[in-house]
Amino acid sequence: MSGSTLVSTQELASRLGAWRVFDCRHDLLQPDLGAQQYRAAHIPGALFAHMEHDLSGPKSGKNGRHPLPEFEKFLHWVGAKGIRPSDQVVCYDAANGSAASRLWWMLRWVGHQNVAVLDGGFAKWTKEGRPITADVPAFPATSYGGKPGAVAVSAEAVSKELKSIFLLDARAPARWRGEQEPIDPVAGRIPGASNRFSAENVNADGTFKDAASLKKDFLSILGNQDPAAVVHYCGSGVAACHNLLAMEIAGLPGGRLYPGSWSEWIADPSRPQEKS
């Protein structure tokens, strides 16, 4: 466990009130469900981070389903939530960390390194009978002076480097192969992309696999590829963060995120597509 990748429910329970906690629960088909669940019950001290409103910027129809907000606008959100550079931040979601990993990556994007995902999420926390509350805490705002950390790449950069970068698609194999597409209007993948389904990063209970297993899995895909040269994408830039976190746990850090992902890529029909 590490304060920059994962923390256990036991670790968080021992530091309630000292660590900053964010509830990132999100349902793709019911975007406001997470906020409703938060209002009903959450881990004490947690604030809510809404995937659509807080962790995404305005959609133009050309920039994907969950485009990144502007860097400075997200910095303002961080300060408004009272986060200080010295704070240990813990992000959680319903279970496997897919939504929480988005906030994990975004905080690293603005230079905040002391951020981790709660292993097993709210499901493990409640299964263990740990405290929950409906009380919404308040924190004094800060002026967070972030600096660029984790790297995002644009569609233009991906297009330009298409033949030289290592793309890793976090979607389910059938979506990567282009056999089905339940969310976006076009099925397929970015040409040359390899596949690592983000759901394979976790055990049946939603906790992450151990570092050695994750390293073995990813190296079987990457081969001799430098992990820092990998560009991660998915449908809308959320599940890709799960793969970035899993590689960090595995000791394979430094990959980049293509946040627009497939939903942005297909918005321009001139961009090449591929199916198996």
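Criteria and thresholds
- Numbers given to residues run from 1 along each chain, matching the order in which its sequence is written.
- At least 70 in pLDDT is required for a residue's local features to be given in this predicted model, at least 80 for side-chain atom pairs to be given and counted, and no such filter applies to totals for whole chains, interfaces and linings, which use all residues.
- Side-chain calculation: all heavy atoms of the structure are included, whereas hydrogens and water are not.
- Pairing between strands is defined by DSSP: at least two bridges between them are needed.
- Every helix listed is a DSSP run of H or I at least four residues long, and every strand listed is a run of E at least two residues long, numbered separately from the N terminus.
- Each residue is placed in one exposure class: buried if its accessible area under a 1.4 Å probe, protein chains only, is under 20% of its type's maximum, exposed if it is over 50%, and partly exposed if it falls in between.
- The arc refers to the directions leading from the helix axis to the C-beta atoms.
- What makes two residues a contact is simply this: any of their non-hydrogen atoms within 4.5 Å.
- In this text, buried Ala, Val, Leu, Ile, Met, Phe, Trp, Tyr and Cys residues form a nonpolar core when linked through side-chain atoms within 4.5 Å.
- The convention used is that axes are lines fitted to C-alpha atoms, helices contributing only their stretch in contact, and that angles between N-to-C directions extend from 0 to 180 degrees.
- Here the angle decides the label: under 35 degrees means roughly parallel, over 145 means roughly antiparallel, 65 to 115 means roughly perpendicular, and every other value means oblique.
- Under the scheme applied here, ten amino acids are nonpolar (Ala, Val, Leu, Ile, Met, Phe, Trp, Tyr, Cys and Pro), four are charged (Asp, Glu, Lys and Arg), and all others, including Gly, are polar.

Sheet architecture is open: five strands sit in the order β1-β5-β4-β2-β3, paired in parallel fashion. Edge strands, defined here as strands with exactly one partner in the open sheet, are β1 (6–7) and β3 (46–48). Looking at chain direction, strand β4 (residues 89–92) and strand β5 (residues 115–118) are connected through three bridges and run parallel. Along β5, the bridge assignment pairs V89 with V115.

On to helix α2 (residues 33–40), then. Inspection of α2 places G34, A35 and Y38 among the buried residues, and these make up the whole buried set. Seen end-on, α2 carries its buried residues on one side only, within an arc spanning 100°. Exposed positions of α2 whose direction lies more than 90 degrees from the buried face are R39 and A40. Of the surrounding secondary structure, the elements contacted by the buried residues of α2 are β2 (20–23) and β3.

Next up on the list: unusual backbone geometry. Here the phi dihedral of S261 falls at roughly 55°; this positive angle occurs in a residue that is not glycine. Inspection of the secondary structure puts S261 in helix α10 (residues 261–265). In this structure S261 comes out as buried when scored by relative accessible area, which is 0%.

Turning our eyes to something else, we now look at the nonpolar core. Counting 64 residues, the largest nonpolar core has L12, F74, L103, W105, L107, L118 and F208 as the members making the most contacts within it. If you tally residues by element for this core, the top one is helix α9 (residues 239–249), at eight residues. Beyond its immediate stretch of four places on either side in the chain, F208 contacts L6, N96, D119, N201, V202, N203, L214, H242, L245, A246 and I249. Counting 15 residues, the second-largest nonpolar core is a separate cluster that includes V158, I190, Y258 and W262.

Below, the discussion takes up the packing of helix α4 (residues 100–109) against α9. Between α4 and α9, the least distance of the axes is 8 Å, while the angle of their chain directions is 70°. Between α4 and α9, the angle is such that the two are roughly perpendicular. Within the contact between the two elements, α4 uses S101, R102, W104, W105 and R108 and α9 uses C241, H242, L244, L245 and E248. When the residues that make up the contact of α4 with α9 are grouped by side-chain class, the tally is five nonpolar, two polar and three charged.

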